[in-house]
Amino acid sequence: MKTTAKIFLFVLVITAFVIFSATVLAETTVSTLEEFKEAIQNAASGATIKITADISLDNDLIITNENAFTIMSEDGRTITCGGYRIIIGPNADVTVGGTLNITGSAPSTVGVQNSGAFILAGGTVANSSETAESAAVLVSEYGTATISGGTINASETGLLIAGDTGTASVTG
């Protein structure tokens with residue numbers, strides 16, 4: 001009887017540890033560009049990457065992780081792209097939420113391509129480029145964008161579907 005009780009207790013502790021670990025790993029807090037890049041690369045499906053400090057890109061950020069995950073801030077932090085872009089690449093699935101601001105001045109701030117998916121559920125994506133056909137969010141090459149919340153600001157075009165293979169849905 002004691003052996004059965006020990007086995008049961010062991011299984012219970014291991015189960016609780018696995019559940020707790022999965023919950024803890026589902027949210028990653030980042031405050032530097034290096035931490036941000038690593039969190040994107042390692043994000044599991046359903047994960048949330050919480051930005052806790054302003055971050056500036058030093059190159060185009062190409063997201064190829066095929067797990068669906070969220071990038072957000074709770075206190076209005078900004079990802080400054082400058083002349084670089086965030087590219088939602090092949091089969092990547094990224095949601096932006098909370099009060100996160102993503103700003104840029106390249107021809108696009110967020111590009112969605114190669115069957116990538118982008119959801120703006122909160123926050124702001126802005127583009128200050130005054131170049132013709134520049135956009136805050138550029139969708140092309142079978143990419144999809146869903147705007148269910150948040151704000152898009154641009155000097156030229158807010159949401160641009162390039163060619164005939166990208167799609168967008170605006171519900172919020």
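Residues numbered from 1 in each chain as written. Predicted model: local features only at pLDDT ≥ 70, side-chain atom pairs only at ≥ 80, totals over all residues. Heavy atoms only, no water.

Engineer: Outline the environment of Glu 130, listing residues and values.
Structural biologist: Here Glu 130 is to be found in the loop between strand S12 (124-127) and strand S13 (135-139). Distance from Glu 130 to Thr 157, taken between C-alpha atoms, is 9.1 Å for residues 27 residues apart in sequence. The residues contacting Glu 130, other than those within four sequence positions of it, are Ser 155 and Glu 156. (Helix = DSSP H or I, 4+ residues; strand = E, 2+ residues; numbered from the N terminus. Contact = heavy atoms within 4.5 Å.)

Engineer: Residue-level account of the side chain of Asn 127, with values.
Structural biologist: Along the chain, Asn 127 falls in strand S12. By relative accessible area, Asn 127 is classed as buried at 3%. Reaching out from Asn 127, the side chain makes a polar contact with the backbone nitrogen of Ser 129 at a distance of 2.9 Å. Among all residues touching Asn 127, those that are not within four sequence positions of it are Gly 104, Ser 105, Ala 106, Pro 107, Ser 108, Thr 109, Ser 134, Ala 135, Ala 136, Asn 153, Ala 154 and Ser 155. (Buried < 20%, exposed > 50% of the residue type's maximum accessible area, 1.4 Å probe, protein only. Polar contact = N/O pair within 3.5 Å; in protein donor to acceptor, adjacent residues only side chain to side chain.)

Engineer: Before we move on, could you go through helix H2 (residues 33-42) and cite the residues and values that matter?
Structural biologist: Along H2, the residues classified as buried are Leu 33, Phe 36, Ala 39 and Ile 40. On an axial view of H2, the arc spanned by its buried residues comes to 125 degrees, and they lie on one face. Counted as exposed and oriented over 90 degrees from the buried face of H2: Glu 34, Glu 38, Gln 41 and Asn 42. In the core, the buried residues of H2 are packed alongside strand S1 (27-30), strand S2 (48-51), strand S3 (55-56), strand S4 (61-63), strand S5 (68-73) and strand S6 (78-82). (Arc of directions from axis to C-beta.)

Remember, this is a structural readout, not a statement about activity or role.
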